[in-house]
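Coordinate inspection notes
Chain by chain, the residues:
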Amino acid sequence: MTTTASLSFAALTIDSADPAALADFWGKALGRPVSPGAVAGDTAVDATGPDSGPRMILPGTAKNSVHPVLVTDHHDDETERLTALGARPLNEIKLPPAALPPGVAAVRQTTFADPEGNEFDLVTWQPE
């Protein structure tokens, strides 16, 4: 029996004590517009197109936090830009060659905290 998924990833919710400030950070970090949320009291960062990823919703209160992973080909430039926006680098790792999938020469990953302490990763894959 084959099952076809009819679901798609539409939004990402991140805990926030100050939704407007955190939406401003993520809007600038991702180059997306900030808009009112779908629910009163929420703020959102909109997707700019089908390839830009999910809409981000930042409620004033929430039960769970999230850990986004962002991919870039310009790790140093994005690290500098995110830090200037208020992100704080926490940890950087470079995976050893034995841990990499075929066709990948290197992976660089930096874990950051956004202005409210929510962690996210910036990852760069270097093909062979």
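A brief report on the enclosed structure follows.

Further remarks concern the nonpolar core. Ile-14, Phe-25, Trp-26, Leu-58, Leu-82 and Phe-120 are the most contacted members of the largest nonpolar core, which totals 16 residues. If you list the elements that add at least two residues to this core, you get helix 1 (19–30), strand 4 (55–58) and strand 8 (119–127). Here the element with the most residues in this core is helix 1; it accounts for five residues. Ignoring sequence-local partners within four residues, the contact set of Ile-14 consists of Leu-22, Trp-26, Met-56, Ile-57, Leu-58, Pro-59, Val-66, Pro-68 and Asn-118.

This part is about the pattern of salt bridges. Scanning all chains against the criterion turns up four salt bridges. Residues Asp-24 and Lys-28 are paired through a salt bridge, measuring 3.3 Å at the closest nitrogen-oxygen approach. Of this pair, Asp-24 and Lys-28 are both found in helix 1, four residues apart, which corresponds to roughly one turn of the helix. Looking at Asp-24, the relative accessible area reads 36%, which means it is partly exposed.

Reading the values: the criteria
Residues numbered from 1 in each chain as written. Predicted model: local features only at pLDDT ≥ 70, side-chain atom pairs only at ≥ 80, totals over all residues. Heavy atoms only, no water. Core = buried A, V, L, I, M, F, W, Y, C linked by side-chain atoms within 4.5 Å. Buried < 20%, exposed > 50% of the residue type's maximum accessible area, 1.4 Å probe, protein only. Helix = DSSP H or I, 4+ residues; strand = E, 2+ residues; numbered from the N terminus. Contact = heavy atoms within 4.5 Å. Salt bridge = Lys/Arg side-chain N within 4 Å of Asp/Glu carboxyl O.

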